[in-house]
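So the chains spell out like this:
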Amino acid sequence: MTKEETFAKVKDVIAEQMDTDASKLTMETSFSKDLEADSLDIFEVIDKLEDEFDIEIETDDDMDTVGKLVDYISEKAA
């Protein structure tokens, strides 16, 4: 799966979980600043992404933006 395909899937999951418009999400979108996500929101997004990509995401890593999460998933799913 390409990074672009991963980004598209991640955007869809975040948009659904955070009730926001996927087209407004970029690689630079911050979970806390732009989406006003709390730790429970982020946990739910990560849980859904783990199921979607069949990987385990280490939540102690610094994944404060959509891009960092996409990079992590791309690396783990490769």
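Refer to the preceding data block for the structure.
All of the points below concern the structure found in this document. Here the structure is a predicted model, which is why all the values come from computation and not from measurement.

1. Digging into the overall build of the chain
- Counting its secondary structure elements, the chain contains three helices and zero strands.
- Counting from the amino terminus, helix and strand elements in the chain follow one another as α-α-α.
- Relative to its length of 78 residues, the chain is compact, with a C-alpha radius of gyration of 11 Å against a globular reference of 12 Å.
- The principal-axis extents of the C-alpha atoms in the chain amount to approximately 30 × 25 × 20 Å.
- The buried share of the chain, reckoned over its 78 residues, is 38%.
- Across the chain, the fraction of contacts at a sequence separation of at least 24, relative to all contacts at a separation of at least 6, is 53%.
- For the chain, the accessible area works out to roughly 5,000 Å², and carbon and sulfur atoms hold 43% of it.
- Of the charged side chains in the chain, 8 are positive and 25 negative; the average position of the first set lies 5 Å away from that of the second.

2. Some points on the environment of alanine 22
- By the element assignment, alanine 22 lies in the loop between helix H1 (3–18) and helix H2 (39–53).
- On a C-alpha basis, the gap between alanine 22 and lysine 11 in space is 5.5 Å, while along the polypeptide they are 11 residues apart.

3. Overview of the environment of isoleucine 55
- Looking at where isoleucine 55 falls in the secondary structure, it is placed in the loop between H2 and helix H3 (66–77).
- Residues contacting isoleucine 55, with those up to four places away along its chain left out, are Glu50, Ile73, Lys76 and Ala77.

4. Structural notes on the environment of glutamate 4
- Inspection of the secondary structure assignment puts glutamate 4 in helix H1.
- In sequence terms glutamate 4 and serine 74 are 70 residues apart; their C-alpha atoms lie 9.6 Å from each other.

Rules and cut-offs
- The residue numbering used here restarts from 1 in each chain and proceeds along that chain's sequence as written.
- In view of the model being predicted, local features appear only for residues whose pLDDT reaches at least 70, and side-chain atom pairs are presented and counted only at 80 or more, with totals across whole chains, interfaces and linings using the full set of residues.
- Hydrogens and water molecules were not included; the side-chain quantities draw on all heavy atoms of the structure.
- What counts as a helix is a DSSP run of H or I of at least four residues, what counts as a strand is a run of E of at least two, and both are numbered from the N terminus.
- Here the globule rule reads 2.2 Å times residues to the power 0.38, and the radius of gyration is calculated from C-alpha atoms.
- Each residue is assigned to one of three classes by its accessible area relative to the maximum for its type, calculated with a 1.4 Å probe on protein chains only: buried under 20%, partly exposed between the two thresholds, exposed over 50%.
- Two residues qualify as a contact provided that any one of their heavy atoms is within 4.5 Å of a heavy atom in the partner residue.
- Areas reported here follow the Shrake-Rupley algorithm with a probe of radius 1.4 Å; residue values treat only the protein chains shown as occluding.
- A residue counts as positive if it is Lys or Arg and as negative if it is Asp or Glu; His and the chain ends are not included.
- The atom standing in for a charge is NZ when the residue is Lys, CZ when it is Arg, CG when it is Asp and CD when it is Glu.

Keep in mind that these numbers describe shape and distance, not what the molecule does.
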